[in-house]
Amino acid sequence: MAQRQPLRRLAVVTGASTGIGYELARCCAEAGYDLLISADEPAIDTAAAELRTHGASVQAVQADLATSDGVEALHSVALGLGRPVDALLANAGRGLGKAFLDQDFAEVRRVIDTNVTGTVQLIQKVGRDMRARGAGRILVTGSIAGFMPGTYQAVYNGTKAFVDSFAAALRHELQDAGVTVTCLMPGPTDTEFFARAGMLDTKVGRQDKDDPATVARIGFEAMENGEGDVIAGWKNKLQVAMSRVAPTDRMAEIHRRMAEPRGDG
Ligand SMILES: NC(=O)c1ccc[n+]([C@@H]2O[C@H](COP(=O)([O-])OP(=O)(O)OC[C@H]3O[C@@H](n4cnc5c(N)ncnc54)[C@H](OP(=O)(O)O)[C@@H]3O)[C@@H](O)[C@H]2O)c1
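Residues numbered from 1 in each chain as written. Predicted model: local features only at pLDDT ≥ 70, side-chain atom pairs only at ≥ 80, totals over all residues. Heavy atoms only, no water.

Colleague: Explain the environment of arginine 257 to me, and be specific about the residues and the numbers.
Modeller: Its location among the elements puts arginine 257 in helix α10 (residues 248–259). A relative accessible area of 47% places arginine 257 in the partly exposed class. Once the C-alpha coordinates of arginine 257 and aspartate 102 are considered, the two residues, 155 residues apart in sequence, prove to be 18 Å apart. In this view, arginine 257 contacts Lys203 and Arg250; residues no more than four positions away in its chain are not counted. (Helix = DSSP H or I, 4+ residues; strand = E, 2+ residues; numbered from the N terminus. Buried < 20%, exposed > 50% of the residue type's maximum accessible area, 1.4 Å probe, protein only. Contact = heavy atoms within 4.5 Å.)

Quick look at the structure:
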């Protein structure tokens, strides 16, 4: 008689085409999760093919998670799988460098809609299902940027301050619901983020950065252990500790030095 295969868990990972999100999805696949992954561009299909080599069943959804339609599309595919979402890794996000008054407002809005509106909309939809089942793990990718005013990245840092705060609050709302909320707070990490944000002519854009696989592993393990906030790397922990005691203007000035465009990029 054929042996029944143990049921694999299901993880939904957004922003899984590249960078930290891809590495989070890889951690999930290696740990025995099947995957529903999503991003805005067709590269999500390439990521899905790579992730299948780790033995997971992987479904990819190309959706713009800055829009309600995109979030609904991803959620309805998740529902259509007919199995519970065991873990939601809400990681999709984008940065935007340069002086606020010089930014294109459509791009400003896209940062807010992706990092804040789309993220909380998806978390509410999937979180309701998890609360009803009394089980689930949520990981949100926040940032240490949420602890400091983002001179020359003002809107982005504001969105991450929102995400960091939101995750902590939701964790406490769900503390008796069987659903954990982990907030992964990376520092500068070596992904496509800085090129996409137009920040390659900045100090932070050019400096050595953390390895996305290491950052993702830290976040994934924290999620699996049901931990709360997790700051990846000791230098980032120091920076957050400093931001808790230093005056806001001091942190805004430190950020200016890191993110001011040099105009030679
Ligand atoms: N890199 C860093 O230094 C750093 C530090 C702290 C926090 N973070 C956070 O880490 C997360 C991942 O960023 P990353 O560094 O890995 O950068 P990345 O390589 O640029 O990856 C971003 C991912 O998000 C997806 N995405 C962006 N906008 C989207 C949208 N509107 N709809 C659907 N998918 C969207 C991208 O897919 P498409 O290409 O298809 O749009 C991509 O898969 C973000 O939340 C970022 O804020 C990054």
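Past the structure itself, the notes keep going.
Colleague: Give me the site of the ligand: which residues, what numbers.
Modeller: Around the ligand sit 33 residues, and of these Ser17, Glu41, Arg94, Thr191 and Arg196 come closest. Between serine 17 and the ligand, the recorded distance is 2.6 Å, taken from a side-chain N or O atom to an oxygen atom. At 3.5 Å from an oxygen atom of the ligand is found a main-chain nitrogen or oxygen belonging to glycine 187. Contributing elements (two or more residues each) for the shell around the ligand: α1 (19–30), α4 (105–133), α5 (154–173) and α6 (193–196). Counting residues per element, the shell around the ligand draws most heavily on α6, at three residues. Class assignment of the residues belonging to the shell around the ligand gives a composition of twelve nonpolar, 13 polar and eight charged. (Near = heavy atom within 4 Å. Polar contact = N/O pair within 3.5 Å; in protein donor to acceptor, adjacent residues only side chain to side chain. Nonpolar A, V, L, I, M, F, W, Y, C, P; charged D, E, K, R; others polar.)

Colleague: Got a sec to walk through the pattern of salt bridges? Specific residues and values, please.
Modeller: The full count for this structure, using the stated rule, is 17 salt bridges. One salt bridge in this structure joins arginine 26 and glutamate 30, with 3.3 Å as the shortest N-O distance. One end of the pair is arginine 26 and the other is glutamate 30, both in helix α1 and four residues apart, which spans about a single turn. Classification of glutamate 30 as partly exposed rests on a relative accessible area of 43%. Ionic pairing is found between arginine 206 and aspartate 264, a salt bridge with its closest N-O pair at 2.9 Å. With a gap of 58 residues between them, arginine 206 in helix α7 (residues 203–206) and aspartate 264 in the segment after α10 connect regions that are remote in the sequence. For arginine 206, a relative accessible area of 40% translates into the label partly exposed. Several salt bridges share partner residues, and in doing so they unite Glu23, Arg26, Glu30, Arg217 and Glu221 into one network. (Salt bridge = Lys/Arg side-chain N within 4 Å of Asp/Glu carboxyl O.)

Colleague: Lay out the packing of aromatic side chains in plain terms, naming residues and giving numbers.
Modeller: The description of an aromatic ring pair uses the distance of the two centres, along with the angle that the planes make with each other. Using the criterion set out here, one finds four aromatic pairs in the structure. Among the aromatic residues, those joined into a cluster by ring pairs are Tyr156, Phe193 and Phe194. The ring of tyrosine 33 has arginine 9 sitting right over it, with the charged end atom 4.0 Å from the ring centre. When the ring centre of phenylalanine 194 is taken as reference, the NZ or CZ atom of lysine 209 above it lies at 5.0 Å. (Phe/Tyr/Trp six-rings, centres within 6.5 Å; stacked < 30°, edge-to-face > 60°. Lys NZ or Arg CZ within 6 Å of the ring centre and 35° of its normal.)

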